[in-house]
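# Inside the fold
Below are the chains, spelled out letter by letter.
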Amino acid sequence: AFATAGVPADTLYERVAEEAVRRQLRAFKPQNLANMVWAFATAGVRADTLYHLVAQKAVQRHLRGFRPQDLSNTVWAFATAGVPAEKLYGRVGQEAVQRQLRGFKPQEVSNLVWALTTAGVRADTLYEMVRKKKAQRQLR
């Protein structure tokens, strides 16, 4: 809510990040992880330790439970914040290809492609899949 409203709350963000890291994100579900890093990126708050832990946990969990929106929002947040996370970016790109982009809305595909290209990730198979699906009008 603070991120969306543009309300400065740096101390709140710092405390949230510290507590999440202290708890090692144990109770966090994929949507919680995605929403948290999205909020930090949207608010422009740096929390590198938190970002690195989120990337580590997501990759360790093999992105299990991540919906298309969670995947795209997570990498969008990392790219927006300028946080390097090669394993996460690569794994999310692979996951999207494995799913053949099923369940991805056009905005989620757009955010995913933007994030990966912004981060300098080579995801040629994904980019080609997006191009073909767009040409076949499977992405609307």
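Attention here is on the structure that accompanies the text.

Here the focus is the side chain of Glu95. One can find Glu95 in helix 6 (residues 86–98). Note on Glu95: relative accessible area 11%, which makes it buried. A distance of 2.8 Å separates the side chain of Glu95 from the side chain of Arg99, its partner in a polar contact.

One can describe the packing of helix 5 (residues 68–81) onto helix 6 by two numbers: an axis separation of 11 Å at closest approach and a directional angle of 150 degrees. Relative to helix 6, helix 5 is oriented roughly antiparallel. Considering the relative orientation of helix 5 and helix 6, their crossing is left-handed. In this structure, helix 5 uses Leu71, Thr74, Val75, Phe78 and Ala79 to contact helix 6, whose residues at the interface are Leu88, Tyr89, Val92 and Glu95.

Next up on the list: the nonpolar core. By size, the foremost hydrophobic cluster in this structure holds 46 residues, and its most contacted members are Phe40, Leu50, Phe78 and Leu126. Mapped by element, the contributors of at least two residues to this core are helix 2 (10–22), helix 3 (30–43), helix 4 (48–60), helix 5, helix 6, helix 7 (106–118) and helix 8 (124–135). Setting aside its immediate chain neighbours within four residues, Leu50 contacts Ala17, Ala20, Val21, Leu25, Met36 and Phe40.

Before going further, it helps to spend a moment on the packing of helix 4 against helix 5. Helices that pack against each other are described as a pair by the angle of their axes relative to one another and the distance between those axes. Viewed as axis vectors pointing N to C, helix 4 and helix 5 meet at an angle of 145 degrees, and their least axial separation amounts to 12 Å. For the element pair helix 4 and helix 5, the recorded crossing hand is left-handed. Together, Tyr51, Val54 and Ala55 of helix 4 and Ala77, Phe78 and Ala81 of helix 5 make up the contact between the two elements.

Turning next to the packing of aromatic side chains. Applying the stated criterion across every chain, the model contains two aromatic pairs. Look at Tyr13 and Phe40: their rings are 4.9 Å apart centre to centre, the planes differ by 75 degrees, and that puts the pair in the edge-to-face class. A residue pair is termed long-range when its members are at least 10 positions apart, and Tyr13 in helix 2 and Phe40 in helix 3 qualify at 27 residues. Across the pair, Phe40 and Tyr13 agree in class, each one buried. Taken together, a centroid distance of 5.0 Å and an interplanar angle of 85 degrees make the contact between Tyr51 and Phe78 edge-to-face. Taken together, the residues Tyr51 in helix 4 and Phe78 in helix 5 connect sequence positions 27 residues apart.

Next up on the list: the pattern of salt bridges. A full pass over the atoms with the stated rule returns eight salt bridges. Among the ionic pairs, Arg46 bridges to Asp48, the shortest N-O distance being 2.7 Å. Classification of Arg46 as exposed rests on a relative accessible area of 52%. Exposure remark for Asp48: the relative accessible area of 33% places this residue in the partly exposed category. Each of Glu19, Arg22 and Arg23 takes part in salt bridges that share partners, so that together they form one network.

Cut-offs applied
- Residues numbered from 1 in each chain as written.
- Predicted model: local features only at pLDDT ≥ 70, side-chain atom pairs only at ≥ 80, totals over all residues.
- Heavy atoms only, no water.
- Helix = DSSP H or I, 4+ residues; strand = E, 2+ residues; numbered from the N terminus.
- Buried < 20%, exposed > 50% of the residue type's maximum accessible area, 1.4 Å probe, protein only.
- Polar contact = N/O pair within 3.5 Å; in protein donor to acceptor, adjacent residues only side chain to side chain.
- Axes fitted to C-alpha atoms, helices over the stretch in contact; angles between N-to-C directions.
- Parallel < 35°, antiparallel > 145°, perpendicular 65-115°, else oblique.
- Left-handed = near helix turned anticlockwise from the far one by under 90°.
- Contact = heavy atoms within 4.5 Å.
- Core = buried A, V, L, I, M, F, W, Y, C linked by side-chain atoms within 4.5 Å.
- Phe/Tyr/Trp six-rings, centres within 6.5 Å; stacked < 30°, edge-to-face > 60°.
- Salt bridge = Lys/Arg side-chain N within 4 Å of Asp/Glu carboxyl O.

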